[in-house]
There are 2 protein chains.
Amino acid sequence: MPSYNAPLRDMRFVLHEVLGVGNYQNLPGFEDASPDTVDAVIEEGAKFAQEVLQPINQSGDREGCKWDAGNVTTPKGFKEAYKQYCEGGWTGLTSLKEYGGQGLPYYVGVLLSEIVTSANMAWGMYPGLSHGAYEAIAAHGSDELKKTYLPKLVSGEWTGTMNLTEPHCGTDLGLMRTKAEPQPDGSYRITGTKIFISAGEHDMTDNIVHLVLAKIVGGPEGIRGVSLFIVPKFLPNADGSPGERNGVSCGSIEHKMGIKANATAVLNYDNAKGWLVGKAHKGMRGMFTMMNAARLGVGVQGLGLAEVSYQNGLAYAKERVQGRSLGGIKAPDKAADPIIVHPDVRRMLLTCKAFTEGARMLTYWAGLNVDLAHKHPDAMARREADDLLGLITPIVKAYQTDMGFECANLAMQCLGGHGYIAEWGMEQFVRDARIAQIYEGANGVQALDLVGRKLPANMGRSLRTFFHPLDAFLKEQAADAAMKDFIGPLLRAFGRLQQATALIAEKGMADAEEAGAASSDYLRLFALTAVGWMWAKMARVAIDKLAAGGGEDPGFYRTKLATARFFMERMLPDTASLQQKIQAGKRTLMELDAAAF
Amino acid sequence: MPSYNAPLRDMRFVLHEVLGVGNYQNLPGFEDASPDTVDAVIEEGAKFAQEVLQPINQSGDREGCKWDAGNVTTPKGFKEAYKQYCEGGWTGLTSLKEYGGQGLPYYVGVLLSEIVTSANMAWGMYPGLSHGAYEAIAAHGSDELKKTYLPKLVSGEWTGTMNLTEPHCGTDLGLMRTKAEPQPDGSYRITGTKIFISAGEHDMTDNIVHLVLAKIVGGPEGIRGVSLFIVPKFLPNADGSPGERNGVSCGSIEHKMGIKANATAVLNYDNAKGWLVGKAHKGMRGMFTMMNAARLGVGVQGLGLAEVSYQNGLAYAKERVQGRSLGGIKAPDKAADPIIVHPDVRRMLLTCKAFTEGARMLTYWAGLNVDLAHKHPDAMARREADDLLGLITPIVKAYQTDMGFECANLAMQCLGGHGYIAEWGMEQFVRDARIAQIYEGANGVQALDLVGRKLPANMGRSLRTFFHPLDAFLKEQAADAAMKDFIGPLLRAFGRLQQATALIAEKGMADAEEAGAASSDYLRLFALTAVGWMWAKMARVAIDKLAAGGGEDPGFYRTKLATARFFMERMLPDTASLQQKIQAGKRTLMELDAAAF
């Protein structure tokens, strides 16, 4: 059975030693977030995840959710764990104090989310989806809706969902058929079928708050006629308790490859009562508020699964003896050496390690920018953070989920045949990780978002929030011989990224298919450069710490430098091939007729 | 529910138009294998696979195998399908006529195996393992063993298995504990536990012939003391019927990620009666006979799953409408365009297509070389074929199973959320494909086999069987402008492969860890170059056919050329990054202590 220990040391390194989050205590909401407080919160969260959530991860997968006549039973222990989670105040960790939350910075929630995902991804999606609903209502809901729903979501008494997909439409929401008919009392009647609704029905709370996209009858065609509604499972009474059952029912749940302990519901809306969130026909705004947060959140899932997979692949590689080291016997007292002596096993493990630690830095940096975008006192700083966030969100989502899946597979490979056996738990990580490449916008859609929206946005302003400071960093560090192993490879990668960006800007302007043809390779090139930058920053800190004696744990910094070198020499070179593929252009992709495939 | 149509046109193209297998009819055993006969056989096999095997693939996965008190029940329809398969003579397709087989060339079996895997991989493993047992006995068994067991394996009345792995040892078979005690009658008593035995127990036949590695008591230590035994489930009576139950029992079957319809058995041997196959302590020879064939067979599984995944991803991409083409509306009569208009969807599908068709050529070429190695009248030609086969077997096994898994994932990705739902069948392909990267030697072990054994073998003689004809081909084609799109990229890839080979030969001689550190990237670099060569050969034929008018179906050749260009421009560039990683050497892999990971 797999185990999990939250990587607290590494988390503290990124937060305090590299990002220096303690420097932002002048921001509103940060006053309670001293480094010591954040550390204590995360340690508590880790304890909860390790002791309560991780032990029911494998059993949850085996048992799955059960549907019976519209009701869904979650696996053994899920309900109890959720109750404990609410009692611990975890559901409201980063929510506003006025609704009962603790008002901690957004980035603290990102750390918690990584830990919860590593421990039990399927379970984590129940409170995870609630938080998206909270944010949409907080940002766009009327005062009355806020008063009615936010305290319940913050306390965890009720959970929330996002309802976008229909049987015939997912990516292209303009095709949506679910309709909303205005009622004299200002509410709407919602009718239609939504599918793939994560945490869409369950037995953990008294009520579920569905946020539903639908078209108001008579409104504009396509995506411009989509509005956002709150549709609770039970209509709240005046005192806030769940009252009459609303016209929404769970028709079935899906049998899936993984995240089996999270109910993926088909929801049938039959004249269900709903209330408009935000303005009519402007539903995509509210949905994007949820989706952007959700996309970062999905990127965190890639990170969380890579971490737990790595930990368990590593533990096996240290214990399992098989064959002898190519460099001479390492464990003469044993019949064979532990397989971690083999270069190729190390290649697999180091790929996981270098990805995970680099992506952790990228993710927490993104999380901090959510706070800065909302709370920085300076409007220009807010805008910059928002621009940067928009740019890197699709990268975090797509790259980290692709790599989360790859690392789960690499770690599983370290176990050989045992990796394929359910009992060992590694194949569950692979199956769970796979969904993150698909939902909240398939990774190909993220790539299109990057090249089609984020690059050209505001005449390249977003891009400059990334390119300029990276350029400055490279110039600053160029003269330092201690940084040579990192700056050279990063310079080459950045050069490739700049060239590819110019090419896409030029060719994509004339022909959008050229941008589309480059999109996935470009996103990966961008991601590798971004993570390369993160590694160079971490290397900088490690070098400085070692120069100052290395503190209590100089080995930690030496390992950081070795891992950074691995990333530079063994992972960043992929940028060379990516550049060539981007330069190849659209011809080979587009020349065949569909019938010729 | 997925569908499958055997790619008969492409198979014929490779066999007849590129490999020209008709030219080998002077080889013994080939006299019955006229192109028309082979086509007819394959068409019949395709019909059987499509009509009988494919319809029980998904239900087989859902139902799985059931273990009860040592007995295993296969899923509904499996037994009946197997009976039909035997009646059709498929089990003996390529076996010797003297044992009741049809004596057709080995390569015909490779084609059948691709088709069967595409239709139903888990089912295909029951007869697949029998064939490995047949080959080991045919090559190494005594006349009496041959007489007793081969006719039963050829007719399919009995199936066979391979027993290598024990709970504490897989890759390192020298650690094996299963022991064999010589008996006065010349037989042995076998005692020990074997795990991960595919098709190890089932209800499809009256008897199962286990081929078991064990150590004869008092023999040499380690791998040099391993012998191969036949241990039947039931001891054959004098008339050949299954008699007394032998001391082997199925302790349990594994719950696995995929191939759930194939029983992966724990087999307990308790003083079971067995007979030596080949010489005492030389068991690895017989096992390698099985394993080499099995490794090619596993490479075929990667190909087969990529093909069926591609077919179903493609069908969805042509039907599903979502969004509009970036190049202007393509289906004005519909609410949206089919998603195959999108460059990134095409990138995923073309990756599958270009891999599958290139790997098909590589695989059939390998299959033909099995025939040449055994049957060519000229000893030098036999040796060359055998050298080449040894070189490319680990490449076919590792590259094709890695890509089989990747293509299954890419095709699944084309379905978006539906790909993750069991009902659609795509996630089963992913789960089934995953095992092929692990069994018959994990892919990292294949890479070590390539750099550690196959490169240095006979002073590089094996390597020359690949490098020399490729070099000659490139020189031959260099002047032809029509081949420009293919020869340039292939030249660059081959240059990288030559440089990497020289580097490994030089550094690896002094330090085996350097060879190990390069091994997986080198195998991939070799594989891409090999498949690039296959594509260039196919392009050559397509160009010539088109120059001659293109026959009945010029579109087929034009599509071949477009797909070849895609491979050259979008897949072969990976060789650039791989070369850089190989050049990085072992430092970043080896510098960390295990404790620092």
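Calculation rules
Residues numbered from 1 in each chain as written. Chains lettered and ligands numbered in written order. Predicted model: local features only at pLDDT ≥ 70, side-chain atom pairs only at ≥ 80, totals over all residues. Heavy atoms only, no water. Helix = DSSP H or I, 4+ residues; strand = E, 2+ residues; numbered from the N terminus. Rg over C-alpha atoms; globule rule 2.2 N^0.38 Å. Buried < 20%, exposed > 50% of the residue type's maximum accessible area, 1.4 Å probe, protein only. Contact = heavy atoms within 4.5 Å. Areas by Shrake-Rupley, 256 points an atom, 1.4 Å probe, with all protein chains shown as cover. Lys, Arg positive; Asp, Glu negative; His and termini not counted. Charge placed at Lys NZ, Arg CZ, Asp CG, Glu CD. Axes fitted to C-alpha atoms, helices over the stretch in contact; angles between N-to-C directions. Parallel < 35°, antiparallel > 145°, perpendicular 65-115°, else oblique. Nonpolar A, V, L, I, M, F, W, Y, C, P; charged D, E, K, R; others polar. Salt bridge = Lys/Arg side-chain N within 4 Å of Asp/Glu carboxyl O. Buried area = accessible area lost by both parts, 1.4 Å probe. Polar contact = N/O pair within 3.5 Å; in protein donor to acceptor, adjacent residues only side chain to side chain. Domains from an automatic or database assignment. Least-squares fit on C-alpha atoms with pLDDT ≥ 70 in both. Phe/Tyr/Trp six-rings, centres within 6.5 Å; stacked < 30°, edge-to-face > 60°. Lys NZ or Arg CZ within 6 Å of the ring centre and 35° of its normal. Core = buried A, V, L, I, M, F, W, Y, C linked by side-chain atoms within 4.5 Å. Expected span 1.5 Å × (residues − 1). Bend = angle between axes of the 7 residues up to and from the residue. Patch = residues over 30% accessible without salt bridge, like charges linked within 9 Å, V, L, I, M, F, W, Y side chains within 5 Å. Pairing = 2+ DSSP bridges. Left-handed = near helix turned anticlockwise from the far one by under 90°.

> How would you explain the overall build of chain A if you had to name every residue and give the values?
When helices and strands are counted, chain A shows 17 helices and eleven strands. For chain A, the C-alpha radius of gyration of 24 Å lies close to 25 Å, the compact-globule estimate for 597 residues. Dimensions of chain A, computed from C-alpha atoms along their principal axes, come out at roughly 80 × 60 × 60 Å. Taking all 597 residues of chain A together, 64% fall into the buried category. Taking as baseline every contact in chain A between residues at least 6 positions apart, the subset at least 24 positions apart corresponds to 74%. For chain A, the computed accessible surface area is about 20,800 Å², with 51% contributed by carbon and sulfur atoms. Charge-centre separation for chain A: the mean point of 62 positive side chains lies 3 Å from the mean point of 66 negative side chains.

> Could you give an account of the packing of helix H9 (residues 379-414) of chain B against helix H12 (residues 461-477) of chain B, naming the residues involved and the relevant values?
All names here are of chain B. In the contact formed by H9 and H12, the axes pass within 8 Å of each other and the chain directions differ by 90°. Judged by the angle between their axes, H9 and H12 are roughly perpendicular. For the pair formed by H9 and H12, the contact residues are Arg 383, Glu 384, Asp 387, Leu 388, Leu 391 and Ile 392 on the first element and Arg 461, Ser 462, Leu 463, Thr 465 and Phe 466 on the second. Residue composition of the contact of H9 with H12, grouped by class: five nonpolar, two polar and four charged.

> Residues and numbers for the pattern of salt bridges, please.
Following the criterion strictly, the structure yields 72 salt bridges over all chains and no others. For the salt bridge of Arg587(A) with Asp485(B), the shortest nitrogen-to-oxygen distance reads 3.8 Å. Linking Arg587(A) in helix H17 (residues 587-590) with Asp485(B) in helix H13 (residues 484-510), this pair reaches from one chain into another. A residue is classified by how much of its surface remains accessible, and Asp485(B), at 25% relative accessible area, is partly exposed. Residue Lys484(B) pairs with Asp485(B) through a salt bridge whose shortest N-O separation is 3.8 Å. Overall, the relative accessible area of 57% leaves Lys484(B) in the exposed class. Shared partners join several salt bridges into a network, and the residues in it are Asp10(A), Glu114(A), Glu307(A), Lys353(A), Glu357(A), Arg360(A) and Lys560(A).

> I'd love a proper account of the interface of chain B and chain A, names of residues and values included.
Contact with chain B, which involves 95 residues of that partner, is made by 95 residues of chain A. Regarding the contact of chain B and chain A, the summed buried area is about 7,900 Å², with carbon and sulfur atoms giving 57% of it. The largest per-residue losses of area from chain B upon contact with chain A belong to Tyr420(B), Arg570(B) and Phe597(B), which jointly make up 12% of the total buried on that side. If you look at where chain B meets chain A, you find ten salt bridges. Here Arg570(B) makes a salt bridge to Asp521(A), at a shortest N to O gap of 3.2 Å. For the pair chain B and chain A, the number of links is 49 residue pairs in polar contact (both at pLDDT 80 or more). Its residues assigned to classes, the side of chain B that touches chain A shows 42 nonpolar, 26 polar and 27 charged.

> I'd like to hear about unusual backbone geometry, residue by residue, with values.
All names here are of chain B. With phi around 55°, Asn 271 is a residue other than glycine that occupies positive phi space. Residue position: Asn 271 is located in strand S11 (residues 264-277). What makes Asn 271 partly exposed here is its relative accessible area of 38%. The backbone phi angle of Glu 440 is positive, close to 60°, even though this residue is not glycine.

> Can you explain the domain arrangement of chain A? Please cite residues and give values.
All names here are of chain A. Partitioning chain A into structural domains gives domain 1 (8-139), domain 2 (143-150 + 158-281) and domain 3 (444-592). Relative placement of domain 1 and domain 3: their C-alpha centres are 30 Å apart. In this complex, domain 1 contributes six residues to the contact, which on the side of domain 3 involves eight residues. Summing both partners gives a buried area of about 610 Å² for domain 1 against domain 3, and 68% of it is carried by carbon and sulfur. On the domain 1 side of the contact with domain 3, Arg 9, Phe 13 and Glu 17 bury the most area, a combined 69% of that side's loss. Where domain 1 touches domain 3, the interface holds two salt bridges. Lys 545 is paired through a salt bridge with Glu 17; the nearest N and O atoms lie 3.7 Å apart.

> Before we move on, could you go through the relation of the copies chain B and chain A and cite the residues and values that matter?
Both copies of the chain are placed relative to one another by a rotation about an axis and a shift along it. Expressed as a screw transformation, the operator carrying chain B onto chain A has a rotation angle of 180° and an axial translation of 0.0 Å, and the superposed copies differ by an RMSD of 0.0 Å. Here the copies are linked by what is in effect a two-fold axis. Of every C-alpha in chain B, the one belonging to Ser577(B) sits nearest the axis of rotation, 2.8 Å from it.

> Run through the packing of aromatic side chains, naming residues and quoting values.
Residues and elements named next belong to chain A. The final tally for this structure, using the stated rule, is 41 aromatic pairs over all chains. Their ring planes at 90° and their centres at 5.2 Å tell us that Phe 467 and Phe 494 sit as a pair that is edge-to-face. Of this pair, Phe 467 sits in helix H12 (residues 461-477) while Phe 494 is found in helix H13 (residues 484-510), placing the two residues 27 residues apart along the sequence. The same class applies to Phe 467 as to Phe 494, namely buried. The ring of Phe 556 is capped by Arg 9, whose NZ or CZ atom sits 4.0 Å from the centre of that ring.

> I'd love a proper account of the nonpolar core, names of residues and values included.
Counting residues in hydrophobic clusters, the biggest one holds 423 residues, and the most contacted among them are Phe466(A), Tyr522(A), Phe526(A), Phe567(A), Phe466(B), Tyr522(B) and Phe526(B). With near-sequence residues (within four places) excluded, Phe526(A) lies in contact with Leu391(A), Ile395(A), Leu450(A), Leu463(A), Phe466(A), Phe467(A) and Leu497(A).

> Give me the lowdown on helix H5 (residues 106-140) of chain B, citing residues and values where you can.
Residue and element names in this part refer to chain B. Across its 35 residues, H5 extends only 18 Å between first and last C-alpha, which sits more than 12% below the 51 Å expected from 1.5 Å per residue. At Asn 120, H5 is bent by approximately 130°, the largest bend along its length. By the criterion of burial, H5 is predominantly enclosed, with 28 of the 35 residues buried.

> An account of helix H16 (residues 574-584) of chain B is requested, with residue identities and associated values reported.
Residues lying three or four places apart along an α-helix face the same way, a consequence of the helix completing one turn every 3.6 residues. Taken residue by residue, H16(B) has Thr575(B), Ala576(B), Ser577(B), Leu578(B), Gln579(B), Lys581(B) and Ile582(B) as its buried positions. A positive backbone phi angle near 75° is found at Gly585(B), which sits one or two residues after H16(B).

> I'd love a proper account of a positive patch on the surface, names of residues and values included.
Taken together, the side chains of Arg224(A), Lys279(A), Lys282(A) and Arg285(A) present a region of like positive charge at the surface. Overall, the relative accessible area of 52% leaves Arg285(A) in the exposed class.

> How would you explain the pairing of strand S7 (residues 226-232) of chain B if you had to name every residue and give the values?
Residue and element names in this part refer to chain B. Of all seven residues making up S7, seven are buried, and the element is well covered by its neighbours. Neither face of S7 is open: one carries Val 226, Leu 228, Ile 230 and Pro 232, the other Ser 227, Phe 229 and Val 231, and all of them are buried. Taken together, the seven bridges between strand S6 (residues 207-216) and S7 define a ladder with antiparallel strand orientation. Paired with Leu 213 across the two strands is Leu 228, which belongs to S7. Sheet topology note: the S7/S11 ladder contains three bridges and is antiparallel. When the sheet's bridge partners are listed, Ile 230 is paired in S11 with Trp 275.

> Could you give an account of the environment of Ile115(A), with specific residues and numbers?
All names here are of chain A. Residue position: Ile 115 is located in helix H5 (residues 106-140). Overall, the relative accessible area of 0% leaves Ile 115 in the buried class. Taking the C-alpha atoms as reference points, Ile 115 and Ala 562, 447 residues apart in sequence, are found 25 Å from one another. The residues touching Ile 115, leaving out its near neighbours within four places in the chain, are Tyr 4, Ala 6, Met 11, Ile 42, Gly 45, Ala 46 and Ala 49.

> Would you mind going over the packing of helix H8 (residues 343-375) of chain A against helix H9 (residues 379-414) of chain A in detail, with residue names and values included?
Residue and element names in this part refer to chain A. Between H8 and H9, whose axes approach to 8 Å, the crossing angle comes to 155°. Relative to H9, the element H8 lies roughly antiparallel. The handedness of the crossing between H8 and H9 is left-handed. The residue makeup of the contact of H8 with H9, split by class, is 23 nonpolar, seven polar and three charged.

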